[in-house]
Amino acid sequence: MKYITIFIILFFFGLQGIAQTDYFSDDYLRYEDFVYQPNIRSVLLYKMGFEMSSPIVALHSEEKLMLSFDDLSADYSKYEYTIIHCDADWNPSDLMPNEYLESFTDDFIPSYDYSINTMQSYVHYRKMIPNDVISYKLSGNYLVKVYLEKQPDEVILTRRFYVIDPKADLSAVVDRPSNVVDRDFKQEITFSINTANIYVVDPFKEIKVTIRQNGRWDNAITNMKPRQVSGRELIYDNAGACVFDAGNDYRYFDIKSLRYNSMRVNAIEYDPLDGYQVFLHEDEVKNKNVYQRIQESMNGRFLIKTEDWPDSSIESEYCTVNFFLPYPTPLIDGKLYIFGGLTNWQLLREAELTFNFERFGFEAKLLLKQGYYNYHYILLPNNSKVGDLTFAEGNFFETNNEYTFYVYFRPQGSRYDQLVNVTTMYAFDY
């Protein structure tokens, strides 16, 4: 009996060890958009002048990126950052920093401001990239890593960005799937790449393509091979090779002001201990509804903005937003999450919904800065890493999804992936 007990204890702690591997701990460096500390909020990385743009800049251009974030600890901390070159699959490239960076490899983030006119105190940090200290000299995928001064292992956030050297052209078409069963629920993409300006010997090995739907990474399609090579044109029209669930337009809410109930807001309350509480109107499961175009959909993005004060970066309030999705029973085949740009396009533990047996529905709370937000309810089936919108949102061919293509070129003998094309298109131009 003693040996059985010992075995059970060892087995239990062994399972705990498996469940708590480094990958799932917050201090594991991920080459993706991730926030490692709970006090770090509202991380943005965008092309300067276009706050809702993707972090894509052209090589040898005057284009700049702006990185900003809030530290809710409300005490100033000295942060440093560096940038890391990655391959097409977001693994660190084989290059040394001096091969892809100009000048220094790390720099401080000296620009900061304390919040004013807010109940939740925070420090707002910002940094322009590239700059006189750190600049890149190669195209490709990059990761910006922010950490505490002289403590590169104390990472607070990582963010992906792209430096493009446009040498190839891409054209694409979104249409109904060739599989008749999927024609009302999915979208199929065919495309071609013109490589006239690059010397490609073996397009099946030297060219890589990644396709993202909206801002998602969990369902991205990678490593596609052309069906046909016609001169300098690579044709990707394999039936069924590039098909996405169509999903549905994003839900939305507006908390740019806390002085009145705006779109989708049912009530706003203030508690001296918990701060502002925003209660959204109850949502509904939309998987059986007829498709209805939502004009307010921004394909999952969000915009930090306050109408209550002049400066949105340091005068926007933080509030707890309460979500509720009525449903008669809990789920046994997966977990339900709030999903979109507001969760970094990830299935975060803090965004997981729990079942309320008294109200009969799923509920969750997120701490968010004032602004305008899009979101989905997404189901993560058991033993899966890809979220499914079918349960709560449904799939409708008419959905105006945004698709972004990333084309990489690694000629024979090269040690890194050049980014030679980024093309964004919409399923439909309404």
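Before reading on, note that the structure itself is shown above.
What counts, and at which threshold
Residues numbered from 1 in each chain as written. Predicted model: local features only at pLDDT ≥ 70, side-chain atom pairs only at ≥ 80, totals over all residues. Heavy atoms only, no water. Helix = DSSP H or I, 4+ residues; strand = E, 2+ residues; numbered from the N terminus. Rg over C-alpha atoms; globule rule 2.2 N^0.38 Å. Buried < 20%, exposed > 50% of the residue type's maximum accessible area, 1.4 Å probe, protein only. Contact = heavy atoms within 4.5 Å. Lys, Arg positive; Asp, Glu negative; His and termini not counted. Charge placed at Lys NZ, Arg CZ, Asp CG, Glu CD. Salt bridge = Lys/Arg side-chain N within 4 Å of Asp/Glu carboxyl O. Pairing = 2+ DSSP bridges. Axes fitted to C-alpha atoms, helices over the stretch in contact; angles between N-to-C directions. Core = buried A, V, L, I, M, F, W, Y, C linked by side-chain atoms within 4.5 Å. Polar contact = N/O pair within 3.5 Å; in protein donor to acceptor, adjacent residues only side chain to side chain.

Colleague: Quick question: what am I supposed to make of the overall build of the protein here?
Modeller: In terms of helices and strands, the protein carries four helices and 30 strands. The C-alpha atoms of the protein give 23 Å as radius of gyration, which agrees with the globular expectation for 430 residues (22 Å, within 12%). Principal axes of the C-alpha set define a box for the protein whose edges measure 65 × 65 × 55 Å. Burial statistics for the protein: of 430 residues in total, 50% are counted as buried. Nonlocal contacts in the protein, meaning residues at least 24 apart in sequence, comprise 71% of its contacts between residues at least 6 apart. Charge separation in the protein, taken as the distance between the mean sites of 41 positive and 61 negative side-chain charges, equals 3 Å.

Colleague: When you look at the pattern of salt bridges in this model, what are you seeing that I'm missing?
Modeller: Side-chain pairing between opposite charges can occur once the charged atoms of the two side chains come close. This model, assessed by the stated rule, comprises 25 salt bridges. Of the charged contacts, one joins D308 and R259 as a salt bridge, the two residues approaching to 3.7 Å between their closest N and O atoms. Highlighted residues: D308 in the loop between β23 (302-304) and α4 (312-315) and R259 in the loop between β20 (251-254) and β21 (265-271), separated in sequence by 49 residues. Overall, D308 belongs to the buried group, its relative accessible area being 13%.

Colleague: What am I meant to see in the sheet that holds strand β9 (residues 123-129) here?
Modeller: Neighbouring strands of a sheet are bound in pairs by backbone hydrogen bonds; such pairs are parallel or else antiparallel. Strands sit in the order β2-β4-β9-β8 across an open sheet of four strands; the sheet is antiparallel. The open sheet has two free edges, formed respectively by β2 (40-47) and β8 (111-114), since each of these has just one partner strand. Averaged over neighbouring strand pairs, the angle between their axes works out to 15° when direction is ignored.

Colleague: Honestly, the nonpolar core in this entry has me stumped. Any pointers?
Modeller: When a protein is soluble and globular, its nonpolar side chains tend to lie buried together. Core analysis: the biggest nonpolar cluster contains 41 residues, and F69, V144, V146 and F161 have the highest contact counts within it. The element that contributes the greatest number of residues to this core is strand β12 (residues 151-164), accounting for six residues. Those residues in contact with F69, other than ones at most four positions away along the chain, are I40, R41, S42, V43, Y79, I109, V123, H124, Y125, V146, I156 and L157. One finds Y46, V265, L348 and F391 within the second-largest nonpolar core, a separate group that totals 32 residues.

Colleague: Help me understand the sheet that holds strand β16 (residues 221-222) in this model?
Modeller: The strand order β16-β15-β29-β30 describes an open sheet built from four strands, whose pairing is antiparallel. Either end of the sheet is taken by a strand with one partner, and the two such strands are β16 and β30 (418-426).

Colleague: In this structure, what is going on with unusual backbone geometry? I would like to understand it.
Modeller: Looking along the chain, the bond that leaves I129 and enters P130 is cis, with omega of -5°. Examined against the element boundaries, P130 turns out to sit in the loop between β9 and β10 (134-136). Residue N117 is not a glycine yet carries a positive backbone phi of 60°. Within the fold, N117 resides in the loop between β8 and β9. Taking the relative accessible area as the measure of exposure, N117 reaches 43% and is therefore partly exposed. You will see that N344, though not glycine, has its phi angle at about 60°, which is positive. For N344, the position within the fold is in the loop between β25 (334-339) and β26 (354-356).

Colleague: Help me out: how do you make sense of the side chain of N374 in this one?
Modeller: With respect to the helices and strands, N374 occurs in strand β28 (residues 371-381). When its relative accessible area of 0% is taken as the criterion, N374 is described as buried. At 3.3 Å, the side chain of N374 forms a polar contact with the backbone nitrogen of G300. Beyond its immediate stretch of four places on either side in the chain, N374 contacts Y250, R251, Y252, E296, S297, M298, N299, G300, R301 and L342.

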